[in-house]
Amino acid sequence: MPSICCYFEVHQPFRVRRYTVFEKNHNYFNDEVNQAVIEKVAHKCYLPANRAILDLIRRHDGAFRCAYSITGSAIEQFERWCPQVLDSFAQLAETGCVEFLAETWYHSLAFLYSREEFAAQVDMHRNRIHDLFGQTPRTVRNTELIYNNDLAHFVSQMGFTTVLAEGADHVLRGRSPDFVYRPAGCDGLRLLLKNYRLSDDIAFRFSNRGWPEWPLTSDKFVAWLNQVNGNGQTVNLFMDYETFGEHQWADTGIFTFLDELPGKVLAHPDNDFKTPAEVTAAYEPCDVIDAPFMVSWADTERDLSAWLGNAMQSSALHELFNLEQQVKATGDEDLLRDWRLLQCSDHYYYMCTKWFSDGAVHKYFNPYESPYDAYINFMNVLDNLKGRLKLHTPVAALAG
């Protein structure tokens, strides 16, 4: 039986408020809504799920292990409105059974536009995770598991030893995601690929009564895991943490499933749980993955089309990142923070016009009436930010 590697993404964006082209207010974000959402999800998901994970670690004497990546935008909201959530993650860190991963602080698409900005945000995140939880992350994931060969090379140079990505079929080319791989050209870096079929059975299909495998029980799921026995090193179950209690409500039985699963897995003496860093320390890579094109964990295409699939999204991102050097030259920390908050991938996801196979997913996460409404609102904010830039004399000019 391979190791089971559970990784959970914890993210909440700072949602932009309704903003007209005539406004002069520099407060772009809807604090009332953001507070309401973070408090709701904290009580439905983060707090009960963290209690459940802590209980599982203690009940199984540390044999249950998992990993988290908590975005900076989520951390900032926890600090402002739900500090007890950060306290509960700190309790998990103290067990020694939880690994915390690094990623961009603002859940940004920066790697696609600015390697300098990407590195700055990853360093911000890595340092803050150390301050909060006493760990310096060795494993990194890019926003939305966006990955290619270039990203692997870049994070390897930043000192990371493990990187996560989507186990997309067109990347694997007939191979299994249940092994450790080496990225092309990166001898010292290890790559873990999400088993999207088994992960999505929990994250997306668990409560779907039209799914032929419903209801998904812990016994059934462990039987599927056991099928990998002898045919893999690690089953990588990567998913949003909000799966537990928010996307899959408590009355679906998702917490009962979570409570039962580790015991059923560990009932087999050869089974274990490992964090990503433990997996790559335990197993040698079986092959090389060559990923010249970008892959992500979003939608059925598993590419960049969720954020760059239409002209609105491309225009908004292009205009935002064109401001990078001007914003940084001002030395204005408030302006820099606002510019970085506008990098969050969620803003561009709201502009997605893919209303077919993935329509239900995009509607669920979209607070706007239409993608066009999202684009207009975002560009109104960006126009105001540009106006603030014009009022600045760059620090470099003053120094000259």
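Our subject in this report is the structure included herewith. Source: prediction; values computed, not measured. (Residues numbered from 1 in each chain as written. Predicted model: local features only at pLDDT ≥ 70, side-chain atom pairs only at ≥ 80, totals over all residues. Heavy atoms only, no water.)

Right, let's talk about the pairing of strand 8 (residues 234-240) for a bit. With respect to burial, strand 8 is a largely interior element, six of its seven residues being buried. Note: strand 1 (residues 3-10) against strand 8, seven bridges, orientation parallel. When the bridges of strand 8 are listed, Glu 9 appears paired with Asp 240. (Buried < 20%, exposed > 50% of the residue type's maximum accessible area, 1.4 Å probe, protein only. Helix = DSSP H or I, 4+ residues; strand = E, 2+ residues; numbered from the N terminus. Pairing = 2+ DSSP bridges.)

All right, on to empty space enclosed by the protein then. In this structure the tally under the stated criterion is two cavities of 30 Å³ or more. Its volume calculated, the largest cavity comes out at about 80 Å³. The wall of the largest cavity is formed by Cys 6, Phe 8, Phe 64, Ile 202, Leu 237, Met 239, Phe 244, Phe 257, Leu 258, Leu 261 and Pro 262. Contributing elements (two or more residues each) for the lining of the largest cavity: strand 1, strand 8 and helix 9 (254-266). A total of four residues in the lining of the largest cavity trace back to one element, the largest contributor, which is helix 9. By volume, the second largest cavity is sized at about 40 Å³. Surrounding the second largest cavity, Val 16, His 347, Tyr 350, Tyr 368, Ala 374, Asn 377 and Phe 378 form its lining. Take the lining of the second largest cavity: its biggest share by element is three residues, from helix 17 (residues 371-390). (1 Å grid on protein atoms, 1.4 Å probe; cavity = no way out; pocket = protein on both sides within 12 Å on 5 of 7 lines; lining within 4 Å. Points joined across faces, edges and corners; volume = space filled by probe spheres on them.)

Time to look at the environment of Met 158. Note that Met 158 resides in the loop between helix 5 (149-157) and strand 5 (162-166). With 42 residues separating them in the primary sequence, Met 158 and Glu 116 have C-alpha atoms 12 Å apart. Setting aside anything within four residues of it in sequence, one finds Met 158 in contact with Phe 118, Ala 119, Val 122, Asp 123 and Arg 126. (Contact = heavy atoms within 4.5 Å.)

With that settled, the discussion passes to the packing of helix 1 (residues 31-59) against helix 2 (residues 72-81). Taken N-terminus to C-terminus, the directions of helix 1 and helix 2 make an angle of 90°; their axes are 10 Å apart at the nearest point. Relative to helix 2, the element helix 1 lies roughly perpendicular. Residues Asp 31, Asn 34, Gln 35, Ile 38, Glu 39 and Tyr 46 of helix 1 pack against Gln 77, Phe 78, Arg 80 and Trp 81 of helix 2. Grouping the amino acids of the contact of helix 1 with helix 2 by side-chain chemistry returns four nonpolar, three polar and three charged. (Axes fitted to C-alpha atoms, helices over the stretch in contact; angles between N-to-C directions. Parallel < 35°, antiparallel > 145°, perpendicular 65-115°, else oblique. Nonpolar A, V, L, I, M, F, W, Y, C, P; charged D, E, K, R; others polar.)

A separate point is the packing of helix 1 against helix 9. Taken N-terminus to C-terminus, the directions of helix 1 and helix 9 make an angle of 20°; their axes are 10 Å apart at the nearest point. When the interaxial angle is binned, helix 1 and helix 9 end up roughly parallel. Considering how the two elements wind past one another, helix 1 and helix 9 form a crossing that is right-handed. Touching Lys 44, Pro 48, Ala 49, Ala 52, Ile 53, Asp 55, Leu 56 and Arg 59 of helix 1 are Phe 255, Leu 258, Asp 259 and Pro 262, all from helix 9. Residue composition of the contact of helix 1 with helix 9, grouped by class: eight nonpolar, no polar and four charged. (Left-handed = near helix turned anticlockwise from the far one by under 90°.)

Let us now look at helix 3 (residues 83-94). Given a rise of 1.5 Å per residue, twelve residues ought to cover 16 Å, and the 17 Å separating the end C-alpha atoms of helix 3 matches this to within 8%. Listed as buried for helix 3 are Val 85, Leu 86, Ser 88, Phe 89, Leu 92 and Ala 93. Down the axis of helix 3, the sector holding all buried residues measures 160°, keeping them to one side. The exposed residues of helix 3 that point more than 90 degrees off its buried face are Asp 87 and Glu 94. (Expected span 1.5 Å × (residues − 1). Arc of directions from axis to C-beta.)

Here we come to the pattern of salt bridges. A complete count under the given rule lists 30 salt bridges for this structure. Note that Arg 126 is salt-bridged to Asp 123, the shortest N-O span being 2.8 Å. You can see Arg 126 and its partner Asp 123 sitting in helix 4 (residues 115-133), three residues apart, about one turn around the helix. On the basis of relative accessible area, Arg 126 is assigned to the buried category, the value being 14%. The closest approach of N and O atoms between Asp 169 and Arg 197, which form a salt bridge, is 3.4 Å. (Salt bridge = Lys/Arg side-chain N within 4 Å of Asp/Glu carboxyl O.)

The next subject is unusual backbone geometry. Trp 214 connects to Pro 215 through a cis peptide bond whose omega is -5°. Note that Pro 215 resides in the loop between helix 7 (196-203) and helix 8 (218-226). We note that Glu 144 has phi near 55°; this positive angle belongs to a residue other than glycine. When you line up the elements, Glu 144 lands in the loop between strand 4 (139-140) and helix 5. On the accessibility criterion, Glu 144 (15% relative accessible area) is buried. At Asp 299, a residue that is not glycine, the phi angle is positive and equals roughly 60°. With respect to the helices, strands and loops of the structure, Asp 299 is situated in the loop between strand 10 (287-289) and helix 11 (305-308). Owing to a relative accessible area of 12%, Asp 299 belongs among the buried residues under this scheme.

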